[in-house]
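# Per-entry structural report
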Amino acid sequence: MNSRHIVSRTLIQNEQIRKLIFLHVPILLCLYILTDNDTQHSSTRHLAVFTALSRHPPSMRVFRGLLSICLLGFCISALLLVLEYKVGREMLDKLFFSTPYTLLFQTAAIDDNGSGYKQTRLQQESDDEDEDDDDISEDESDSDNGEEYDHLGEKHVVQSGNHIKPLVAPTTTTTTTSSNCSPAATISNMSLDVLLLILVALFLFTISSSAGGKYTDQKSADFHRFFAKLGDVAAPTFPLLLFFICAAKSLFPWRRQKYYFWTVICYTLGAPMYEVQFRDGFIGDVFTSMVRPMQDIAFTCFYLLSGLQGWWMFREQTSEENINIPVERSWLLHTVVLPACTVSPLWWRFCQCLRQCYDTKKRWPYLGNAAKYFFAAQVAMFGVFDPEKTGSAVWIIMFVLATFYQLWWDIFMDWELLEWHHETGSYKLRKTRLFQSDFVYICIFLVNFVLRFGWTLIVMPTTYLSPSGALLNTFSADFTTLVTPLLTCAEIIRRTLWGLIRIELEVIKIQEKEEQEHDLEYYSATASKKNNNNHLVLTPMNVESSSDGGDPRGITSRMTMTSIGSNLKAPASVFLFIKNDLSSANDIQVLWELCVYATIFTCMGIIAATHRQVL
């Protein structure tokens, strides 16, 4: 057990507890104490913060988007904490925190000690790295004794039925996280800092709105009119300042971790130009669950320009309602920006699947996964461009079919949760898993099943422009204020639970692959030792002469079949659109086929926009 890691974890936990007790809790109590004017005339307690947010929708969008990002940070930290306990720190580093492959060209030469461990130029150089090397050597000595431990001092295992399988030690890789600090603790600490900024801005926003006379009876004296004017100007300022601070903190100071982080994000945003690893696909799936926060952030960026336009147009009658007119009735916002935020995450994942098909030269399962995002995008686009038609039978049938396809893909492809047992003639949970209790998987399945049907309510805009230019509400005011944020939070939680089983399956696959490589190396070393003892001379096998036989294990025949299949060079024909293997087609043929799929995706979006008569 590494005592330095435990001490570091304890210090971070104590710091987070102090933040919650001395900073976050007092601000929450202040927000609870502030009430509006209606509380004096009814038995129900009306919090001033909700009244202020309802009177200024752009500010509500800023706070809602940033709070959603905070919730995502807490969920990711909880997910990493569970996985770190179950599979170990090294496995998480291998899955999520390895060096981006486009930065590997910056790899320096082998270190002076001759250990063979390569470090990137951007890697942090400190005295702690020498201590980390000592810790790694201690861990390796422990593994020589037959047991492997993670950075928490716990043995990381994968449970297979009633049997426990230790994970094979992963190979040494360059990671972007500091070995002294847990990634889960780092992310949760950052989320707490952002949450503190949000609460402070929310408190100032509520106070300034109250001073502005929005829900207090102060209308007679000039003194109160001065505060009313001041409130109209100051209230929207605090959310915008909060947005600028958070945007600046995400970029500055520009350090190695942020450089790696934004590089990995660019892998998803730049699909299909980059290779797709597990980390990139997982980030793309997270983006599909962050549609509403992305819309809120895009709305805020647009509000920064249109809001200034509203202040200039109505400078003689400045009010929150007048300032919102240019942004709320913007054709560019409602027909280009918000629909792009809805469809872009689905498009990114669609392109990633096409890139995987191109790299592997296999249609399945990548085109099947791309079809999932294609169908979801069509339902979303027609719902965004024409919300009035969402009650039609055709749209409802499309929505139900797309949702059930997503559920089927979750269970049998992304999770591989069910296995067919010929003895009983039924499906059962797979034996190899991280959690021994079936109750965990049943609960996650039920939550995923129920919340999958709420995704369309998240992607649909709360307001939209009619073909005549009138601003219409998709949902009622109470639904927009209360239900929509709850659905956004529920989708983030659903994605976290979905990611738990998805990462579990990837860990199991990595473990099985490493076990196979370990067994292959062992058998090869054993065979080589026996051959050396018998003074046998081995000659390389010629695949073309493998028909002579003499291979009792059938290895020669399998290699022959593989080589024959790989040497087939069939011309472009209808069979290229049927079989799964694309190795017989050249790169141009594969690109033509994938470009056809991408063109169909784009054309369907154009048809949806044209049907709404917005183009």
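Details of the structure are given in the entry above.
The rules behind these values
Residues numbered from 1 in each chain as written. Predicted model: local features only at pLDDT ≥ 70, side-chain atom pairs only at ≥ 80, totals over all residues. Heavy atoms only, no water. Helix = DSSP H or I, 4+ residues; strand = E, 2+ residues; numbered from the N terminus. Buried < 20%, exposed > 50% of the residue type's maximum accessible area, 1.4 Å probe, protein only. Contact = heavy atoms within 4.5 Å. Areas by Shrake-Rupley, 256 points an atom, 1.4 Å probe, with all protein chains shown as cover. Core = buried A, V, L, I, M, F, W, Y, C linked by side-chain atoms within 4.5 Å. Phe/Tyr/Trp six-rings, centres within 6.5 Å; stacked < 30°, edge-to-face > 60°. Pairing = 2+ DSSP bridges. Salt bridge = Lys/Arg side-chain N within 4 Å of Asp/Glu carboxyl O. Axes fitted to C-alpha atoms, helices over the stretch in contact; angles between N-to-C directions. Nonpolar A, V, L, I, M, F, W, Y, C, P; charged D, E, K, R; others polar. Disulfide = S-S within 2.5 Å.

### Quick word on the overall build of the chain
A count of helical and extended segments in the chain gives 20 helices and seven strands. The proportion of buried residues among the 615 residues of the chain is 45%. At a minimum sequence separation of 6, the contacts of the chain that also span at least 24 residues come to 73%. For the chain, the accessible area works out to roughly 33,100 Å², and carbon and sulfur atoms hold 64% of it.

### Describing the nonpolar core
Soluble, globular proteins show a tendency: their nonpolar side chains are buried together. In this structure, Phe350, Leu354 and Trp455 are the most contacted members of the largest nonpolar core, which totals 31 residues. At the level of secondary structure, the elements contributing two or more residues to this core comprise α13 (331-360), α14 (366-385), α15 (393-414), α17 (455-459) and α20 (587-611). Ranked by residues supplied to this core, first place goes to α14 with 10 residues. Discounting chain neighbours no more than four positions away, the residues touching Trp455 are Ala376, Val379, Ala380, Phe399, Thr403 and Gln406. Within the second largest apolar cluster, 30 residues are counted, among which are Met91, Trp415, Ile444 and Leu500.

### Quick word on the packing of aromatic side chains
Within the structure shown, the criterion is met by 33 aromatic pairs. On the numbers, 5.1 Å between centres and 55 degrees between planes, the contact of Trp347 with Phe601 is tilted. Within this pair, whereas Trp347 is found in helix α13, its partner Phe601 is found in helix α20, the two being separated by 254 residues in sequence. Here Trp347 falls in the partly exposed class, since its relative accessible area comes to 26%.

### Observations concerning the pairing of strand β3 (residues 418-421)
As defined by bridge partners, β3 adjoins strand β4 (residues 426-429) across four bridges and the pair is classed as antiparallel. Each bridged residue has a counterpart across the sheet, and for Glu419 the counterpart in β4 is Lys428. Where β3 hands over to β4, the hairpin turn is made up of four residues, of which Gly425 adopts a positive phi near 70 degrees.

### Section: the pattern of salt bridges
Under the criterion given, the structure shown has 15 salt bridges. We note a salt bridge from Lys372 to Asp414, for which the minimum N-O separation is 3.6 Å. Here Asp414 lies in helix α15 and Lys372 lies in helix α14, a separation of 42 residues in the sequence. Note on Lys372: relative accessible area 5%, which makes it buried. The buried category is assigned to Asp414, whose relative accessible area is 9%. When the shortest N-O distance is used, the salt bridge between Arg494 and Glu491 registers 2.9 Å. One end of the pair, Arg494, and the other, Glu491, are both in helix α18 (residues 477-533), three residues apart, so they sit about a helical turn from each other.

### Structural notes on the packing of helix α2 (residues 48-55) against helix α3 (residues 57-87)
One way to put it is that α2 packs onto α3 with a least axis distance of 5 Å and a crossing angle of 115 degrees. Contacts between α2 and α3 involve Leu53, Ser54 and Arg55 from the former and Pro57, Ser59, Met60 and Phe63 from the latter. Here the contact of α2 with α3 is built from residues that sort into four nonpolar, two polar and one charged.

### So, unusual backbone geometry
Geometrically, the link from Phe252 to Pro253 is a cis peptide bond, its omega value of -10 degrees lying close to zero. Its identity as a non-glycine residue notwithstanding, Lys361 has a phi of 60 degrees, on the positive side. Within the secondary structure, Lys361 is located in the loop between α13 and α14. In the Ramachandran plot, Glu416 falls in the positive-phi region, its phi being about 50 degrees despite a non-glycine side chain. Along the chain, Glu416 falls in the loop between α15 and β3. For Glu416, a relative accessible area of 33% corresponds to the partly exposed category.

### A closer look at the state of the cysteines
A complete count under the given rule lists zero disulfides for this structure. Distance from the sulfur of Cys489, which forms no disulfide, to the nearest cysteine sulfur (Cys75) is 8.6 Å.

Shape is all these values report; function is a separate question.
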